[in-house]
Amino acid sequence: MHQLLLRMWSRRGIRSVAGQMFVLQVAVVLVLVAAVVLALLLQSRGDAEREAQNRSLAVAASVASSPTVRQALADGRPSAALQQQAEETRKRSHVDFVVVMSPTGIRYTHPNPDQIGQHYIGSIAAARHGGIVTETTVGTLGPSVRTVVPVTDAKGKVIGLVSAGITIHQVSVAAGREVPLVLAAAGLVLTAATGGSALIGRRLSRQTHGLGPVQMTRMYEHHDAVLHSVREGVLIVDPRGRLLLANDEARRLLGFAADLEGRPVTELGLDPGAEQLLLSGRTTTDEVIEVGDRLLAISQRPMDQPHGPGGWVATLRDTTELSALMGRVEVVQERLKLLYDAGIRIGTTLDVTRTAEELAEFSVPGFADYATVDLADAVLRGEEPNPPHAAELRRVALRGIRPDVPLCPPGALIHFDPATPQASGFGSGQMVLEADLAAFTGWQAQDPDRARRLVAHGVHSMITAPLRARGAVLGVVTFWRSTEPSPFTHEDLSLAEELVARAAASIDNARRFTREHTMAVTLQRSLLPHALPEQNAVDVAHRYLPAEAGLGGVGGDWFDVIPLPGARVAIVVGDVVGHGLHAAATMGQLRTAVHNLSTLDLPPDELLWHLDELVTRIDQDRDGDPETPTLTGATCLYAIYDPVSGRCTMASAGHLEPILAHPDGRARLPGVPAGPPLGLGGLPYEKTEVLLPEGASIVVYTDGLVEDRHHDIDERIERLRRAVEPAGRTPDQMCRAAMDAMVPGPPRDDVALVVARTRMLDDKHTASWEVPSDPAAVAGVRAAAAEQLRDWGLEEEAFTLELTLSELVTNAIRHATGPIGVRLIHDRSLICEVSDGSSVSPHLRRATTMEEGGRGLFLVAQFADSWGTRYTSTGKVIWTEQRLGHASP
């Protein structure tokens, strides 16, 4: 029995069907025995808990009903009378404690005298009202049961409480003495059941030869697979030369009938070579024998198992079909490699023409001897292709093994005849195969003479494949074959379709990119200034270079030169983060906003603050549309130059500092405080004022000019400073030098550069007077102004100027505070400025027929070409401009 159990428990025995059955039976017996033992133990524990509850209740009730206890509680000194009695009762009844307490829970007795006088720990609420409390608690000695019983007097009033407690362990000691007997009985049952299971398993093991369930299932599955599923013929021959087994594949290869098992090999009708090999029983591997019209590779091995029936096994493979299949696999692998290489080599750029050239270059000579790519002109412009019925295509690419092939060269516009495969493929989107060009079945209708020369050149077949992408036909690709004698086949059609489909997606992506880039460039150019306005404050040269299409695309860089009142000029440069249509449109918004704000004649810091508020409101309006990005990230530099004073006031919203190039050859950064970019909101901007000599140059630019991934931006700004530093050059020469030094190749970001050389209006072109706050002084100012106009040769402007001065100076005297000043500027226009110390702006109104005043400012607005108000730190300036009929000085 012991040896039998060892075999059953061995690793091999457990894997067998007999071993697993033995383990299962033993496991079931173990579970049943364990369940019985557990049930007995749980029942014993429940009985112990009920016994503990009964004993504690009996002891507590016995003490509570004792007359001695009642008398002691009534006398008022229960501890002295009851402590010894309670301890004696505890010891006799074998409980853990007997406690007598007051109705409120104050202990009168306790096994530990130190606890007398303390509150009882436990529930007594029901006992105080005449009930009984029994509860189970867990303490340091384990689970215990305690019972509280009320003590009542003759009238039934509760005069005290008695609690008795005992641990369940004390009660369960007696029940524990029965456990060994239970375990012994369980062991006896387990031993008997294990022995019986071992005997059953031994018998089952002999019958199944020690195989496991998986092995037995696999054996039958393999047998079935060999017979019906294996794509290799199997023959089993016994030592007497009789056929024991032939699977379906062997029957198919050898032409056997269904009832040949058990017959001698000599009666199977085999070819002599195969029959001799099967009867010999010799070991061989892949010996090829001709059987009928097949070439079979036969491998044969003897069955030399110790307890087997003997004989040998032969396997057969049809090498004819295998050779054909291997040839097809090689062809498929070559085509897959061709398509993989096409995905790598076609579409490396976002240029339509270059992508078409890559398609032609890749196709020759790997797939065809010649390849032509013809596209609609609209595709080359980035537009949607022409309607399918208009097969007028531009030859974009031509590639061949010889340069003298009589095909239309690249660049030619070809109007394909409707009978040609190209027109048919472009119109229907279907591929066309012409396997024999020499038959001239209609493909030659486009140009018969050229077609005959093409056939004479050796070209004998072609495939025309339309370039289809996203439902649109972009053009056609034609593959020509000449050197290989076999023509294109229908299998070549599928390869050409895959090849052209990949190229069409790349061409369409390039077309879409071209369209978007053209739209962005067009939008950007329409929003940028086409010509700078005429003004005398600065000589301006500028450069604008959009980012290369394949590198970054059109961005949002912009610049402006805006004439301001008082012969001043504003120089603006800005940059919007990002590229594409959104950046260009955003740039247009900001440029328009700056133009509108500049009409208010605000200082640079205030103008940027208003521009920041505008951008913040635009961003808030766009919060509901997650598809539209915000404008935050735009930067701007705004500078105002006054040619009369030579002062330049600048403020920056996160933009790069300008460079000031002095006439003596020095170039420096003015230290403009870098405010936050536009759109952050709530942060102030600071302005910087510098005094510039005549001939100094203000150089403003965008980050595309100085940013370089390989160099620090401070190094690049220093390089730009050195490029514009040399003296004696014109603004245009400075722009050229800066671009040559900073942008040697195609830029990755837009580049905007403006060089403004300052001019000064000297005393010969300006005149100013201080006017006392006396109405009588108006006449003197008019006379002095008229005299100045005669010196400038502007006598014809005297009447309008005198009318303007009379109204503006009189209003300043009447409604404003001093000091009052008058300044005339002779520039491209005649500018009159009246300054005072008040910040109240006059307003234009139309006086009624009964009013004496209110017409002066209206007359000024009618006679002057433009007028307005500019606020200063000391008050305001009211200005007017009169256009002059002759050239400016």
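Everything in this summary refers to the structure shown in the same document. Because the structure is predicted, anything quoted here is derived from the model rather than measured. (Residues numbered from 1 in each chain as written. Predicted model: local features only at pLDDT ≥ 70, side-chain atom pairs only at ≥ 80, totals over all residues. Heavy atoms only, no water.)

Considering the overall build of the protein chain
Here's step 1: When helices and strands are counted, the protein chain shows 24 helices and 31 strands.
Here's step 2: Residues counted as buried form 45% of the 889 residues belonging to the protein chain.
Here's step 3: Split by element, the accessible area of the protein chain, about 44800 Å² in all, is 55% carbon and sulfur. (Helix = DSSP H or I, 4+ residues; strand = E, 2+ residues; numbered from the N terminus. Buried < 20%, exposed > 50% of the residue type's maximum accessible area, 1.4 Å probe, protein only. Areas by Shrake-Rupley, 256 points an atom, 1.4 Å probe, with all protein chains shown as cover.)

What about the layout of surface pockets?
Here's step 1: Considering only enclosed or pocket space, the largest pocket measures out at about 960 Å³ in volume.
Here's step 2: What lines the largest pocket is a set of 39 residues, among which R568, R870, Y871, T872 and V877 lie closest to the centre.
Here's step 3: Counted by class, the lining of the largest pocket contains 14 nonpolar, 12 polar and 13 charged residues. (1 Å grid on protein atoms, 1.4 Å probe; cavity = no way out; pocket = protein on both sides within 12 Å on 5 of 7 lines; lining within 4 Å. Points joined across faces, edges and corners; volume = space filled by probe spheres on them. Nonpolar A, V, L, I, M, F, W, Y, C, P; charged D, E, K, R; others polar.)

Some details on the environment of L602
Here's step 1: Along the chain, L602 falls in the loop between helix 18 (581–598) and helix 19 (604–621).
Here's step 2: Along the primary structure L602 and Y871 are separated by 269 residues, whereas in three dimensions their C-alpha atoms are 7.8 Å apart.
Here's step 3: Ignoring sequence-local partners within four residues, the contact set of L602 consists of L597, L607, H610 and I640. (Contact = heavy atoms within 4.5 Å.)

Some points on the packing of helix 20 (residues 713–724) against helix 21 (residues 731–742)
Here's step 1: At a minimum axis separation of 9 Å, helix 20 and helix 21 run at an interaxial angle of 145°. Seen along the crossing, helix 20 lies across helix 21 with a hand that is right-handed. Residue-level inspection shows R716, R719, L720, A723 and V724 of helix 20 in contact with helix 21, the latter providing M734, A737, A738, A741 and M742.
Here's step 2: In the contact of helix 20 with helix 21, the residues fall into eight nonpolar, no polar and two charged. (Axes fitted to C-alpha atoms, helices over the stretch in contact; angles between N-to-C directions. Left-handed = near helix turned anticlockwise from the far one by under 90°.)

A short note on helix 5 (residues 78–93)
Here's step 1: The end-to-end C-alpha distance of helix 5 is 21 Å, a good match for the 22 Å that 16 residues give at a rise of 1.5 Å each.
Here's step 2: Burial in helix 5 covers these residues: P78, L82, Q83, A86, E87, T89, R90 and S93.
Here's step 3: H94 sits one or two residues past helix 5 and shows a positive phi near 60°. (Expected span 1.5 Å × (residues − 1).)

Let's talk about the sheet that holds strand 11 (residues 392–400)
Here's step 1: If you trace the six strands from one edge of the open sheet to the other, you get 12-11-10-15-14-13, paired in antiparallel fashion. Each edge of the sheet is formed by a strand with only one pairing partner; in this case those strands are strand 12 (413–415) and strand 13 (432–434). Recorded for the sheet is a direction-independent mean angle of 25° between the axes of neighbouring strands.
Here's step 2: With nine bridges joining them, strand 14 (residues 461–469) and strand 15 (residues 472–481) adopt antiparallel strand pairing. For T464, the partnering residue across the bridge sits in strand 15 and is T478.
Here's step 3: In the packing of helix 15 (residues 421–428) onto the sheet, contacts are made with strand 11, strand 13, strand 14 and strand 15, and the angle to strand 15 comes to roughly 150°. (Pairing = 2+ DSSP bridges.)

Brief notes about the nonpolar core
In globular proteins that are soluble, nonpolar side chains generally tend to be buried together.
Here's step 1: One finds L359, F367, V373, L375, L467, F479 and L499 to be the most contacted residues of the largest nonpolar core, which totals 44 residues.
Here's step 2: Of all elements in the fold, only helix 12 (319–345), helix 13 (352–363), strand 10 (370–376), strand 11, helix 15, strand 14, strand 15 and helix 17 (490–527) reach the threshold of two or more residues within this core.
Here's step 3: In terms of residue count, the dominant contributor to this core is helix 17 (nine residues).
Here's step 4: In this view, L375 contacts V352, A356, L380, L393, R394, V396, L467, L474, G475 and I507; residues no more than four positions away in its chain are not counted.
Here's step 5: Grouped together as the second largest cluster of nonpolar side chains are 26 residues, A785, A812, V834 and I878 included. (Core = buried A, V, L, I, M, F, W, Y, C linked by side-chain atoms within 4.5 Å.)

Considering empty space enclosed by the protein
Here's step 1: Applying the stated criterion across every chain yields a total of one cavity of 30 Å³ or more.
Here's step 2: Lining the largest cavity, in full, are V63, V69, L82, Q85, A86, T89 and V100.
Here's step 3: It is helix 5 that provides the largest number of residues to the lining of the largest cavity, a total of four residues.
Here's step 4: Of the residues assigned to the lining of the largest cavity, the class counts are five nonpolar, two polar and no charged.

Comments concerning the sheet that holds strand 9 (residues 312–318)
Here's step 1: Ordered in space as 6-5-9-8-7, the five strands form an open sheet in which the pairing is antiparallel. Edge positions in the open sheet fall to strand 6 (243–246) and strand 7 (284–291), since each of these has one partner strand only. Each adjacent strand pair in this sheet contributes to an overall mean axis angle of 25°, direction not counted.

Some remarks on the environment of H129
Here's step 1: Note on placement: H129 falls in the loop between helix 6 (125–128) and strand 2 (133–139).
Here's step 2: Distance from H129 to V158, taken between C-alpha atoms, is 7.2 Å for residues 29 residues apart in sequence.
Here's step 3: One polar contact links the side chain of H129 to the main-chain carbonyl oxygen of A125, over a distance of 2.9 Å. (Polar contact = N/O pair within 3.5 Å; in protein donor to acceptor, adjacent residues only side chain to side chain.)

A word on the pattern of salt bridges
Here's step 1: According to the stated counting rule, one finds 33 salt bridges in the structure shown.
Here's step 2: Notably, a salt bridge pairs E357 with R354, separated by 3.2 Å at the nearest N-O pair. One end of the pair is E357 and the other is R354, both in helix 13 and three residues apart, which spans about a single turn.
Here's step 3: On the basis of relative accessibility, which here comes to 28%, the residue E357 falls in the partly exposed class.
Here's step 4: For E833, the salt bridge identified is with R870, shortest N-O distance 3.3 Å. Residue E833 is found in strand 29 (residues 829–836), and its partner R870 is found in strand 30 (residues 866–871); the two are separated by 37 residues along the sequence.
Here's step 5: Residue E833 is classed as buried on the basis of its relative accessible area, which comes to 5%.
Here's step 6: Connected through salt bridges with shared partners, the residues R568, D601, R823, E833 and R870 form a single ionic network. (Salt bridge = Lys/Arg side-chain N within 4 Å of Asp/Glu carboxyl O.)

Details of the side chain of D703
Here's step 1: The residue D703 is located in the loop between strand 25 (697–701) and helix 20 in this model.
Here's step 2: Within the buried set, D703 has no salt-bridge partner at all; the shortest N-O distance to an opposite charge, 11 Å, is to R716. (Lys, Arg positive; Asp, Glu negative; His and termini not counted.)

Observations concerning the packing of aromatic side chains
Two descriptors summarise a pair of aromatic rings, namely the distance from one centre to the other and the angle between the planes of the rings.
Here's step 1: Tallied over the full model, the rule gives four aromatic pairs.
Here's step 2: Their ring planes at 35° and their centres at 6.5 Å tell us that Y544 and F559 sit as a pair that is tilted. Residue Y544 is located in strand 16 (residues 538–545), and its partner F559 is located in strand 17 (residues 558–564); the two are separated by 15 residues in the primary sequence.
Here's step 3: Connected via pairs of aromatic rings, a cluster forms that spans F367, F479 and F488.
Here's step 4: A cation over an aromatic ring shows up here: R481 above the ring of F488, its NZ or CZ 4.1 Å from the ring centre. (Phe/Tyr/Trp six-rings, centres within 6.5 Å; stacked < 30°, edge-to-face > 60°. Lys NZ or Arg CZ within 6 Å of the ring centre and 35° of its normal.)

Focus: a nonpolar patch on the surface
Here's step 1: On the surface, M21, L24, V28 and L32 cluster together into a nonpolar patch covering about 360 Å² of accessible area.
Here's step 2: Here V28 lies in helix 3 (residues 17–64). (Patch = residues over 30% accessible without salt bridge, like charges linked within 9 Å, V, L, I, M, F, W, Y side chains within 5 Å.)

Observations regarding the packing of helix 22 (residues 777–792) against helix 23 (residues 798–815)
Here's step 1: For the pair helix 22 and helix 23, the least separation of the axes is 9 Å and the interaxial angle reads 150°. As judged from the angle between their axes, helix 22 and helix 23 are roughly antiparallel. The crossing of helix 22 and helix 23 is right-handed. Residues V778, V781, R782, A785, A786 and L789 of helix 22 pack against A798, L801, E802, L805, S806, V809, T810 and I813 of helix 23.
Here's step 2: Class assignment of the residues belonging to the contact of helix 22 with helix 23 gives a composition of 10 nonpolar, two polar and two charged. (Parallel < 35°, antiparallel > 145°, perpendicular 65-115°, else oblique.)

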